[in-house]
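# Residue-level structural notes
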Amino acid sequence: MLTINNLVKHRGNQEILSGISFKARPGRVTGFLGPNGAGKSSTLRILLGLDRATSGSALINGKPFTELHNPLTTVGAALDGFGAHRMRTGRAHLRWIARAAGLPQSRVEEVLEIVGLTNAAGKRVGSYSLGMGKRLGMAAALLGDPEILVLDEPVNGLDPQGIRWIRTFLRERAASGNTVLLSSHLMGELAETVDDVVIINHGKIVADGTLEEIIGNHSTLEEAFFDLTSEHAGDVV
Amino acid sequence: MRAFNAELSKLFSLPGIWLAFLIGVFAPAVVAALDSLAQKEEIIAGVSTRLSEVGYIGLGFGVQGVIILGVLAVSSEYLTESSESGGGQQITTSLTVVKSRFHFLLAKAGAVTVISILLCIVAMMTIVPTTHLILGEYAPAFEWTRLIGAVCYWTFTALLALGMTLLTKNGIIPLAVLMINSSVVSFSVLLSKITKLAFYLPDRAGLEMFMFTSDKFHTPSTGSFFDRFHTPFTGGLVMFAWVVVIFIVAAIVFHRRDAAS
Amino acid sequence: MRVSSCRKITQILRAELDKLVTLPWICLTIMGTFILNLFLAATFTSAGLQAAAGTQSMLNIGLASMRYLQAGFIILGILATCSEYTGGQIRTTLTTIPWRGFQLSMKYLALAVITLPAAFIIAASGILYTFIMMRDTAVGFEIDTIIEALVGATGYLTLTTLLSAAMGALFRRTTPALVVLLGYYFVVSPLTIDFLPKFRSYFPDTAGSYMYIPPSADEINVLTPIQATGVLMLWTLIFITAAIVFYRRRDA
């Protein structure tokens, strides 16, 4: 269970998030939607303890991320970018993570197998393609077999097989009672994966509900998204 | 010309470049001021053996600024240390917008040369009033030939830094080697103790363009590091030869290797 | 910091060690420094042999390369901390180990674990080379002084590495950290000989040099090796504390 409560973030004199609240529930895939620069990544970074919130809280099972006892086995996170040093091999990268969390080294081979990187594991991360980097990020997130997954743009840069794999994989995770929060701006993809939708624009939540509720009278999620974000943008500017 | 302008704007948008400017402009003046203060009594008493070098020594140190400039110009193309970049190397973009790699290299070297020359001129304009302020009438006269020598020294050093970084694709080694070598504990000083060949190293030869003018009158040649070994002109020529050689090697390597490897 | 169990400490220490060992640059830096040191030792020795034989103590020549050697260790320290900021690895680190102060302290510990033997071997190899080459000409030496100097040199190099690592963590970028540290150690510090002779003894590099330079008749060391260690350690701790404070406060 992820609880974001009235989150505010200032950077300089810019307000990046202005009072965001939503929940991501166990057993459901929650989609976090918004245009570029709306504050998706900032919210996820605060949730993961990377950035500090100006006010408000982002809790994981009722606790801030930094107070978790076993962060890796509680939350698996894959943020944008590779998250690995270019000169290290993919396997070495996963190994140090496993070591830090006290996981057996055999688990590294397991996750490499799951994300389909076994053959490239001995290569330097710098030589990976965007899609391979994404897979490496997923592998790192899955290392601890966590009950909560937080993924930033997981399908960005993946090939069609990869996208299908992510979709079925996330559905399975949710079906077995796990919490999945993923951010994206790919509407079509999201509509097939998520149960709940949270839409953010200019640092404010503009819609929060199940997929059906959000789509409402619109023909697709995309229509609903444009309707909600452009309408809101009109209010702000 | 367009590529040259692009390189200039790329350089000016690097945050690290301001560090280079800061060091290039202020360090020489500060060093010259400190040196003048330390030498003041001796100079007034007329016993200083280093009068003709007061001030110029600042130019010897300020070269650190252009070293940073030359290194950054290339290393910024290869390495980005931002938490958001997923391995983006600017070099791939840079090479797709110019006609050929040779043009790219030429534009880059041109931009670095122009900035080094400007930086050196600014540095001199801060040194001259500083030494005059402190030493008053005793301040040494600044000869044009030596000032031109200093400009050449700065430019060649910046180009050496650029060429070396192009070979290593990483700023650490060129920065360390060149920064240490342009300090008072230079490797060249050390090497000159065991072999005369050290006088042909680029920094040692290059310094002859504007330093070590007085010593030959005062002391018989002892083989010490601070004796004049070349004439300013041959010194400059030796250093220029180094720059050319490194550039040719770098250009060949750069031409052959894959952009992002 | 909610973790206190011994197991957690070893886990994270091993993870940090892993990170350092699997980074090729770290290995290259240590190897490069080793080779550079032998080369420098050879240069100093041959210069020493050319100069009036026997006038310089063998130990002084063996340790003369320290001045250059420290550059390698400065690079090592900077690489260890700045490598976190390449490819966004810092995010992975902090989502795996969110206790920042603890994580950074473990990183310094891991770095010290690697640096100590490396520094010892490199410093010893320089002295050993000089010893072999100058066996015949060198005037009296005592094994005690050599060991003392060697321990001092190892300590100095390790503390310098940690200090550089702290600077690296403060700057988060390799180039500015390198420019500032090299600029200080090689340009600013030698200049202060003339201008600030009094305070200079308490600067990290000069104080540190008293850790290994054996006292000689014509030059009196201002600080004893123990005092010097204390001063340098204080500097290192100040920078490490500053690095940790900033690290905890900053957005990653």
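Residues numbered from 1 in each chain as written. Chains lettered and ligands numbered in written order. Predicted model: local features only at pLDDT ≥ 70, side-chain atom pairs only at ≥ 80, totals over all residues. Heavy atoms only, no water.

By the naming in an unreviewed UniProt entry, chain C is ABC transporter permease, taken from Paenibacillus solani.

The following threshold applies: UniProt positions are given in the numbering used here, feature names are shortened, and annotations may be inferred rather than shown by experiment.
Naming follows an unreviewed UniProt entry, where chain A appears as ABC transporter of Paenibacillus solani. Its UniProt record gives chain A the following Sequence similarities (unreviewed entry) comment, quoted word for word: "Belongs to the ABC transporter superfamily."

### Focus: the UniProt feature "domain: ABC transporter" (unreviewed entry) in chain A
In plain terms, the rule: Secondary structure counts use DSSP, requiring at least four H or I residues in a row for a helix and at least two E residues in a row for a strand, with both numbered from the N terminus.
Mapped onto this numbering, the UniProt entry gives "domain: ABC transporter" (unreviewed entry) at residues 2-227 of chain A. In residues 2-227 of chain A, helix accounts for 36% and strand for 27%; the two terminal C-alpha atoms are 27 Å from one another.

### Topic: the packing of aromatic side chains
Keep this limit in mind: Here is the rule: rings of Phe, Tyr and Trp (six-membered ring for Trp) pair when centre to centre is within 6.5 Å. Planes less than 30 degrees apart are stacked, more than 60 are edge-to-face, and the remainder are tilted. Summary of the burial criterion: residues with accessible area below 20% of their type's maximum are buried, those above 50% are exposed, and those between are partly exposed, where the area comes from a 1.4 Å probe applied to protein chains only. Here, a charge over a ring means that NZ of Lys or CZ of Arg falls within 6 Å of the ring centre while also lying within 35 degrees of the ring normal.
All told, the structure shown has 13 aromatic pairs over all chains when counted by the stated rule. Aromatic side chains A:Trp165 and A:Phe169 sit 5.2 Å apart centroid to centroid with 25 degrees between the ring planes, which places their arrangement in the stacked category. One end of the pair is A:Trp165 and the other is A:Phe169, both in helix H6 (residues 160-175) and four residues apart, which spans about a single turn. Given a relative accessible area of 23%, A:Trp165 falls into the partly exposed group. Relative accessible area serves as the criterion here: at 11%, A:Phe169 is assigned to the buried category. Seen in terms of ring centroids, C:Trp235 and C:Phe239 are 6.2 Å apart; in terms of plane orientation they differ by 20 degrees. Their pairing is stacked. In this pair, C:Trp235 and C:Phe239 are both assigned in helix H11 (residues 225-249), four residues apart and thus about one turn of the helix distant. An aromatic cluster of three or more residues is present, and its members are B:Phe12, B:Trp18 and B:Phe21. When the ring centre of B:Phe254 is taken as origin, the NZ or CZ atom of B:Arg101, which lies over that ring, is 5.5 Å away. Its end group placed over the ring of A:Trp96, C:Lys19 keeps NZ or CZ at 4.2 Å from the ring centre.

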